[in-house]
Amino acid sequence: MSDVVHETPVAHHDEHESTGIGNRKLGMWVFLSSEFMFFGALIATYLLYSNRGGFEGTYPSEIYDIPFTSVSSFVLLMSSLTMVLAHNALSKGDQNGTRTWLFATAALGAVFLGGQVFEFTEFIVQSDMTLSTNPAASAFYLLTGFHGTHVAVGVIMLLSLWGISRRKGGLSEEHGMNLELVGLYWHFVDIIWIVIFTVVYLLSVPSA
Amino acid sequence: MTVTAERPRTTIFKRPSSAYGIWSWLTTVDHKKIGIMYGYAAFSFFIIGGLEALLLRVQLAQANAEFLTAGAYNALFTMHATTMIFLFIMPASAAFMNYLIPLMIGARDVAFPRLNALSWWIFFFGGIFLYSTFVFGTSVAPVGPDGISGNLAAGGGPGSFNWLAASPDGGWFAYQPNAGPFYSPGTAMDYWALGLQIIGLASLVSAVNFIVTIFNMRAKGMRLLRMPVFVWMSTVVAFLLLFSIPIIAVALFMVTFDRQFGTLFFAPVGGGDPILWQHLFWLFGHPEVYILILPAMGIVSEVLPVFSRKPLFGYSAVVFAGAAIGFLGFGVWAHHMLASGITPVAQAAFGLATMTIAIPTGIKIFNWLGTMWGGRLRMTTPMLFAVGFIAMFTIGGLSGVTHAVVPSDWQQTDTYYIVAHLHYVLFGGSVFGLFAGLYYWFPKLTGKMMNSKLGKTHFWLMFIGFNITFAPMHWLGLQGMVRRTWKYAPETGLEPWNVVVTIGAFIIALSVAVFMYNWFHSRRHGVDSGFDPWDARTLEWAIPNPTPEYNFGVSPVISKLDHFWHLKYDQDDEGRAVRKDDADQIIAELEHVGLNPPEPIHLPNPSYFPLLMAAGFPLMFYGIIYHTTAWGKALIVIGAMVALTAVIGWAMEPVEEPHDEPSEERAEEVEAGV
Amino acid sequence: MTAEQDTHPSPAQYWKIAALLAILTTFEVAMFYVDRELGLGGLNALILISLALLKFVIVVGWYMHLRFESAIPNRFFTAGAILALALYLVVLSALGVVVIRG
């Protein structure tokens with residue numbers, strides 16, 4: 001025999017995962033790292049225009065309803081708690097708990113989205129601030145709109161998992177991985193909102 | 001074939017199972033087939049982009065020529081650049097990355113085979129979408145204050161080919177507000193923005209896929225610093241894509257919203273800031289430059305050691321220099337904007353940062369020279385292209401440093417000097433590198449050799465044609481010839497060199513024809529390559545040619561950099577490589593194992609869903625362009641439904657169908673080599 | 001990484017973390033009104049950004065378990081965040097929004 005070293009044949013297209021972290025989980029982390037650039041560009045654009053003087057029409061920062069947004073931010077923040085509780089329940093094999101917390105997370109996400117729809121409607125109808133009022137308004141709607149789209153995608157994924165968990169036998173180990181991935185995505189959307197809440201809402205209102 | 005994917009089972013409806021024919025290509029998740037499709041698509045776009053360039057050159061060969069209308073000229077230079085960058089060099093690099101990364105790291109496929117197919121199909125539909133502008137796009141000239149059509153660019157005027165004018169004409173950089181709704185009405189620039197959005201999505205998905213593949217799928221013993229340089233450069237490219245594509249995605253969304261939904265991001269009348277577009281575009285655009293060149297650098301770093309019969313000089317220096325180029329590539333974007341009125345501090349900072357890029361680049365060039373130094377050189381076709389790459393890229397790199405000097409850049413901006421520079425790095429660099437790779441890995445794809453006489457003819461024609469075309473552009477630019485302008489006056493004295501340039505362009509076209517003949521002829525009638533035709537160093541050559549469907553009969557275990565070379569060669573006391581006595585026997589064994597895997601191998605099954613899902617995007621995006629009409633809205637809904645159906649089907653279908661443990665009968669079949 | 005690898009927080013800890021996040025959010029909103037009265041300017045920005053950063057790190061570290069992951073995703077994620085922050089700060093300062101004073 002030569003010095004060709006052959007390992008015992010591995011018969012599957014499987015992943016031995018050199019980093020010790022699953023392919024799909026690593027993929028999700030990698031994808032989320034790139035999302036910083038995405039939201040960063042939107043936030044930077046908002047910051048560029050938010051307090052630039054001389055535009056026509058209403059500025060978003062003139063009409064923010066801080067108490068209202070505080071509550072909806074809090075709702076989204078707490079959905080991160082229900083998300084980890086769902087994950088925790090599944091890891092303990094508690095299918096009932098998983099189901100409950102998954103639904104709670106999706107519901108909190110939906111409440112947040114409802115709040116956003118309400119906010120947009122108020123801004124457009126009451127304050128006459130549309131996409132084309134001024135660049136600050138354009139930037140506000142694009143940023144919060146894309147964030148809302150992310151939340152909506154998350155809610156759909158959560159509801160799909162919830163639907164599967166209601167079937168007989170609940171969520172399998174395979175689905176457990178999916179739950180973890182959806183969880184990562186969900187928390188990420190939450191931390192982006194933490195930044196948006198501070199930078200876009202609290203800090204861009206000119207102090208009296 | 002001894003071993004194939006297990007017979008698929010039915011889930012909701014039957015899973016595709018064709019091993020050959022058109023469906024095997026449409027549903028494949030095999031990284032090699034996907035790589036080949038990327039390659040052919042990219043090369044087709046290379047031909048289209050080349051024809052566009054030839055039309056431009058015919059127009060410029062004569063002062064005050066009336067061959068093209070101004071509108072057609074604008075459309076052609078826009079589409080030439082867009083095509084060459086996004087539809088040729090990027091997918092051509094993706095072709096090499098797809099085909100080679102799993103082979104070079106000893107894997108059976110990428111981490112996410114179906115996502116890989118998805119990237120390819122998204123890219124493919126994105127390219128078709130972008131080019132469908134020639135059929136559906138419109139570009140209407142605004143009427144000037146005097147009631148006359150405001151700009152010649154959108155049509156009219158002397159010249160022919162005006163039908164081309166109804167396509168994107170705002171340059172590949174689409175500066176705002178010129179490419180915005182007011183100055184570029186019509187749908188052409190929407191096709192451009194949304195087409196690039198689709199293509200960008202494809203790149204982002206492959207970036208994630210390649211990063212996970214490279215970090216997670218390496219064979220046993222394949223440590224990061226044992227990976228071939230090509231894999232390293234691909235890693236850097238994947239990170240550059242990962243972090244730069246989202247920026248352009250946002251910028252393109254803003255353009256689309258400005259054009260379609262009345263936002264005011266880049267509209268100066270409404271308070272928008274066009275310079276923001278430049279920042280976002282070049283934040284992406286400069287890393288993009290390295291996305292285009294680094295794969296070619298990787299290819300050259302593979303080719304040079306093989307034909308110098310020496311290890312790559314300073315392997316780790318080359319790797320770290322590549323990573324440094326990638327990192328610095330994010331910090332120099334504003335050197336594209338030195339003439340846009342940014343502050344003197346910013347100009348100085350970005351000028352200096354740009355100069356530092358010369359350091360890692362210089363390290364690479366000297367390492368390549370060091371590799372050749374004292375080697376026993378074999379001047380095969382791939383080697384000629386690799387050496388040509390070093391020479392041409394060095395010229396392009398040096399003219400690049402001159403742009404880092406701010407006053408000098410002010411003089412050169414928007415002249416043919418820039419055109420010369422960028423073609424020296426992208427054509428003399430990337431394209432020469434890609435051709436080196438095509439000649440080098442042709443046996444890997446086909447089991448045949450390309451004709452070397454024709455190959456060398458191709459090289460010399462292309463090398464000479466290239467220099468005749470682009471070297472004179474340096475002096476044309478310094479004499480003041482402006483880019484992106486379809487006419488020049490005879491008094492400028494620019495005509496003689498322009499004639500030379502046009503002749504050069506046609507020589508390049510001829511050389512490409514020689515290449516195509518060689519490629520297709522050699523595929524059928526080429527000499528059999530046998531195993532390891534180049535006496536190579538890396539893992540992809542330790543398996544039979546053409547590559548078996550399952551790549552490795554037995555997953556390799558790696559003990560060194562250039563593992564395959566060390567199986568064949570020892571060092572004598574003076575450090576010279578000496579072929580081992582039993583090298584031939586080792587090779588015979590590798591070939592045997594490669595062709596007759598001892599165990600059944602289960603590969604990921606083909607799938608319809610990547611194709612279906614990718615098809616949803618262009619439908620939705622057509623819908624966005626025509627969203628004011630009822631059928632436009634319908635298209636958005638249909639596209640979304642198509643994509644959603646695919647997502648559901650995808651989620652329900654396992655990567656690999658369940659399979660039984662190999663039966664004894666099967667094992668006997670394998671034994672018998674059935 | 002130490003032996004913490006498998007010691008994910010317990011549900012009780014998750015609730016405590018949520019309570020902490022809630023308190024921090026209350027502080028943020030309170031700061032907003034305090035600033036309206038007193039006009040703290042830069043100090044207000046500093047405090048609010050620190051609070052947001054703290055919440056960010058808590059969610060990433062404990063809820064996303066990044067603290068308990070191997071080094072690889074940690075590096076990628078941090079690289080993405082820092083790169084985005086750095087690049088867009090430069091863009092904003094080049095466009096005159098963020099003024100860096102010596």
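Computed from a predicted structure; not experimentally measured.

Novice: Even after reading the chapter, I still don't get the overall build of chain C, so can you show me in this structure?
Specialist: For chain C, the helix and strand inventory stands at three helices and zero strands. Sequence-ordered secondary structure for chain C, helices as α and strands as β, is α-α-α. Buried residues in chain C amount to 29% of all 102 residues.

Novice: Teacher, can you tell me more about the overall build of chain A here?
Specialist: What chain A contains, in helices and strands, is six helices and zero strands. Traced from its N-terminal end to its C-terminal end, chain A shows the element sequence α-α-α-α-α-α. Its C-alpha atoms give chain A a radius of gyration of 22 Å, more than 25% over the compact-globule value 17 Å for 208 residues. The principal-axis extents of the C-alpha atoms in chain A amount to approximately 80 × 45 × 25 Å. Per-residue burial for chain A yields a buried fraction of 49% across its 208 residues. Of all intrachain contacts in chain A linking residues separated by at least 6 positions in sequence, the fraction that spans at least 24 positions is 80%.

Novice: How should the environment of Ile418(B) be read in this particular structure?
Specialist: Residue position: Ile418(B) is located in helix H14 (residues 416–446). In contact with Ile418(B), other than residues within four places in its own chain, are Gln412(B), Thr413(B), Gly477(B) and Arg483(B).

Novice: Even after reading the chapter, I still don't get helix H2 (residues 42–63) of chain C, so can you show me in this structure?
Specialist: A turn of α-helix holds 3.6 residues, and therefore any two residues three or four places apart point the same way. Here H2(C) contains 22 residues, and its C-alpha end-to-end distance of 31 Å stays within 8% of the 32 Å for a straight helix at 1.5 Å per residue. Among the residues making up H2(C), those that are buried are Leu48(C), Ala52(C), Lys55(C), Ile58(C), Val59(C), Val60(C), Trp62(C) and Tyr63(C). Against helix H3 (66–91) and helix H6 (173–202) of chain A together with helix H1 (11–38) of chain C lie the buried residues of H2(C). Just downstream of H2(C), His65(C) is the residue with a positive phi angle, here 60°.

Novice: Got a minute to help me understand unusual backbone geometry in this structure?
Specialist: Negative phi values dominate among residues other than glycine, just as trans dominates among peptide bonds. All names here are of chain B. Cis geometry marks the peptide bond from Gln 176 to Pro 177; its omega dihedral reads 0°. Locating Pro 177 in the fold gives a position in the loop between helix H5 (133–136) and helix H6 (188–216). The omega torsion across Asn 545 and Pro 546 is -15°, close enough to zero to call that bond cis. In this fold, Pro 546 is placed in the loop between helix H16 (495–525) and helix H17 (563–568). Residues other than glycine seldom take positive phi values, yet Asp 414 does so here, at roughly 65°. Positive phi outside glycine occurs at Arg 484, with the angle close to 60°. By secondary structure assignment, the location of Arg 484 is in the loop between helix H15 (452–478) and H16. Judged by the 13 C-beta atoms lying within 10 Å of it, Arg 484 is partly exposed.

Novice: Explain the interface of chain A and chain C to me, please; I cannot follow it from the model alone.
Specialist: By a frequent convention, interface size equals the accessible area lost on bringing the separate parts together. The interface is formed by 38 residues belonging to chain A together with 37 residues belonging to chain C. Secondary structure elements with two or more residues in the side of chain A that touches chain C: helix H1 (23–50), H3 and H6 of chain A. With 13 residues, H1(A) is the single largest residue contributor to the side of chain A that touches chain C.

Novice: What am I meant to see in the packing of H3(A) against H1(C) here?
Specialist: For any two helices packed against each other, one specifies the crossing angle of their axes together with the interaxial distance. Relative orientation of the contacting elements H3(A) and H1(C) amounts to 165°, with a least axis distance of 10 Å. Viewed along their axes, H3(A) and H1(C) adopt a mutual orientation that is roughly antiparallel. Of the two elements, H3(A) crosses H1(C), and the hand of that crossing is right-handed. Here Ile66(A), Ser70(A), Ser73(A), Phe74(A), Leu77(A), Met78(A), Leu81(A), Val84(A), Leu85(A) and Asn88(A) of H3(A) come into contact with H1(C), specifically with Pro11(C), Tyr14(C), Ala18(C), Leu21(C), Ala22(C), Thr25(C), Val29(C) and Phe32(C). Split into classes, the residues belonging to the contact of H3(A) with H1(C) amount to 14 nonpolar, four polar and no charged.

Novice: Which parts of the structure should I look at to understand the confidence of the model for chain C?
Specialist: Regions with low pLDDT carry predicted coordinates that are not meant to be interpreted in detail. Residues and elements named next belong to chain C. Per-residue pLDDT for chain C averages 85, and the proportion of residues at 70 or more is 88%. A low-confidence stretch, residues 1–5 (pLDDT under 50), is modelled with three contacts involving residues beyond four sequence positions or located in other chains. Listed scores for the predicted complex are pTM 0.92 and ipTM 0.91.

Novice: How do you make sense of the interface of chain B and chain A when you look at a structure like this?
Specialist: Between chain B and chain A, the residue contacts involve 50 residues of the former and 37 residues of the latter. In terms of residue count, the dominant contributor to the side of chain B that touches chain A is helix H7 (residues 229–261) of chain B (nine residues). Its residues assigned to classes, the side of chain B that touches chain A shows 31 nonpolar, ten polar and nine charged.

Novice: Would you mind showing me how to read helix H10 (residues 344–356) of chain B here?
Specialist: Residues and elements named next belong to chain B. Compared with an ideal rise of 1.5 Å per residue, which puts 13 residues at 18 Å, H10 spans 19 Å between its outermost C-alpha atoms and is within 8% of the ideal. Buried within H10 are the following residues: Gln 347, Phe 350, Gly 351 and Thr 354. When H10 is viewed along its axis, its buried side chains cluster within an angular range of 105° and face the same direction. Exposed residues on H10 whose side chains face more than 90 degrees from its buried face are Val 345 and Ala 348. Check the buried side of H10 and you find it contacts helix H12 (381–404) and helix H13 (406–412).

Calculation rules
- Residues numbered from 1 in each chain as written.
- Chains lettered and ligands numbered in written order.
- Predicted model: local features only at pLDDT ≥ 70, side-chain atom pairs only at ≥ 80, totals over all residues.
- Helix = DSSP H or I, 4+ residues; strand = E, 2+ residues; numbered from the N terminus.
- Buried ≥ 20, exposed ≤ 12 C-beta atoms within 10 Å, placed from the backbone.
- Rg over C-alpha atoms; globule rule 2.2 N^0.38 Å.
- Contact = placed C-beta atoms within 7 Å.
- Expected span 1.5 Å × (residues − 1).
- Axes fitted to C-alpha atoms, helices over the stretch in contact; angles between N-to-C directions.
- Parallel < 35°, antiparallel > 145°, perpendicular 65-115°, else oblique.
- Left-handed = near helix turned anticlockwise from the far one by under 90°.
- Nonpolar A, V, L, I, M, F, W, Y, C, P; charged D, E, K, R; others polar.
- pLDDT = per-residue confidence, 0-100.
- Arc of directions from axis to C-beta.

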